[in-house]
Amino acid sequence: MRARYDGLAEWYDERFVVDAETHQPGILDLLGTGSGPCLDIGCGTGRNFETIRASGRIPVGIDYSTDQLQRARTRTDGPLVHGDAAALPFADTSFDTAISMWISTDVDDFNAVLLEAARVLRPGGVLVAYGVHPCFNGPHVLYEEDGRRTAYPTYRQSGWHHESPWWSAEGIRRRIGMRHVPLAEYLNAIITSGLTVERFEEPAGPDIPHALAFRARRPE
């Protein structure tokens, strides 16, 4: 099956990576310092490799889009793997650290992704996830010019949305759509994974949070 981001790598890189403002403030604080390989689940074009290296770790990228991986190769000489985040091609307890950045709205089953992340982490291993805030960012939200956001009753309509009347014609969502994961579904996916959450963050940025992040650990 063709990856949703195939054919968009050059456009995506120019819009969201090269000289772009950071979309994940505070991620290095959540990740903390460490060593060894860090699995970047849904690594895209490798925009987070520099942060992983800054933490003292070595990035190992995996993505379902071969186009994105070709771009990612320009940012690392380390391992890059073509694969599905919901069926990671790694043995149990392979990593001490993993990150999942902005993919909860791009995968068909975020619960399955977290279960896989937990599986490949060693006991005591850490997962940092960062992505769309389920309450204030999604197909149910209209961004007003004065900074306000209007939430519509479609908030409860989980699942894949191919279009929304207020999505920008130039944005990523008009190109691929998005999967909306309401807050309860998002939190329950974390609980089901068996990971123990150590910290939630609504990272710095607009007064109405755009993102939700967490740090969790596989129990010893």
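All values derive from a computational prediction rather than experimental measurement.

**Here's the deal with helix H7 (residues 183–193)**
Next up, step 1: Looking only at H7, the buried set comprises Tyr-186, Ala-189, Ile-190 and Ser-193. For H7, the angular spread of buried residues about the axis comes to 95 degrees, placing them on one side. Facing away from the buried side of H7 by over 90 degrees, the exposed positions are Ala-184 and Ile-191.
Next up, step 2: In this structure, the buried side of H7 is in contact with helix H5 (110–120), strand E10 (196–201) and strand E11 (211–217).
Next up, step 3: Count one or two residues on from H7 and you reach Gly-194, which has phi positive near 85 degrees.

**A word on the state of the cysteines**
Next up, step 1: Applying the stated rule across the entire model yields 0 disulfides.
Next up, step 2: Here Cys-43 stays free of any disulfide, with the sulfur of Cys-38 as its closest cysteine sulfur at 11 Å.
Next up, step 3: For Cys-43, a relative accessible area of 2% translates into the label buried.

**What to know about the UniProt feature "domain: Methyltransferase type" (unreviewed entry) in the protein**
Next up, step 1: Cross-referencing UniProt, the feature "domain: Methyltransferase type" (unreviewed entry) maps to residues 39–128 in the present numbering.
Next up, step 2: For residues 39–128, helix accounts for 27% and strand for 30%, while the C-alpha atoms at its two ends are 10 Å apart.

**Things to note about the nonpolar core**
Next up, step 1: In terms of nonpolar packing, the biggest core is built from 28 residues, with Leu-39, Ile-41, Phe-90, Leu-127 and Phe-214 touching the most fellow members.
Next up, step 2: Broken down by secondary-structure element, the contributors of at least two residues to this core are strand E1 (37–41), strand E2 (58–63), strand E4 (95–101), H5, strand E5 (121–132), H7 and E11.
Next up, step 3: Among the elements that make up this core, the one with the highest residue count is H5 (6 residues).
Next up, step 4: Non-local contacts of Phe-214, meaning those with residues more than four positions away in its chain, are made with Leu-114, Leu-127, Val-128, Ala-129, Tyr-186, Ile-190, Val-197, Arg-199 and Phe-200.
Next up, step 5: In terms of nonpolar packing, the next biggest core, distinct from the first, is built from 21 residues, Trp-102, Tyr-130, Met-178 and Ala-213 among them.

**Brief notes about the pairing of E4**
Next up, step 1: A large share of E4 lies buried, amounting to 6 of its 7 residues.
Next up, step 2: Here 4 bridges tie E1 to E4, and the two strands are oriented parallel to one another. Within E4, the residue paired with Asp-40 across the bridge is Ile-99.
Next up, step 3: In this structure, E4 lies alongside E5, joined through 6 bridges in parallel fashion. Looking across to E5, one finds that Ile-99 is bridged to Val-128.
Next up, step 4: After leaving E4, the chain enters H5 and then returns to the sheet as E5, a path that is right-handed.

**What to know about the packing of aromatic side chains**
Next up, step 1: This structure, assessed with the given rule, holds 7 aromatic pairs.
Next up, step 2: Summarising the aromatic geometry, the rings of Phe-110 and Tyr-186 are spaced 5.2 Å apart at their centres and angled 25 degrees between planes, so their arrangement reads as stacked. Here the residue Phe-110 occupies a position in helix H5, and Tyr-186 occupies one in helix H7, the gap between them amounting to 76 residues.
Next up, step 3: Given a relative accessible area of 4%, Phe-110 falls into the buried group.
Next up, step 4: Seen in terms of ring centroids, Tyr-152 and Trp-166 are 4.5 Å apart; in terms of plane orientation they differ by 20 degrees. Their pairing is stacked.

Conventions and cut-offs
Residues numbered from 1 in each chain as written. Predicted model: local features only at pLDDT ≥ 70, side-chain atom pairs only at ≥ 80, totals over all residues. Heavy atoms only, no water. Buried < 20%, exposed > 50% of the residue type's maximum accessible area, 1.4 Å probe, protein only. Helix = DSSP H or I, 4+ residues; strand = E, 2+ residues; numbered from the N terminus. Arc of directions from axis to C-beta. Contact = heavy atoms within 4.5 Å. Disulfide = S-S within 2.5 Å. UniProt positions renumbered as here; feature names shortened; annotations may be inferred. Core = buried A, V, L, I, M, F, W, Y, C linked by side-chain atoms within 4.5 Å. Pairing = 2+ DSSP bridges. Right-handed = clockwise from strand over helix to strand, strands pointing away. Phe/Tyr/Trp six-rings, centres within 6.5 Å; stacked < 30°, edge-to-face > 60°.

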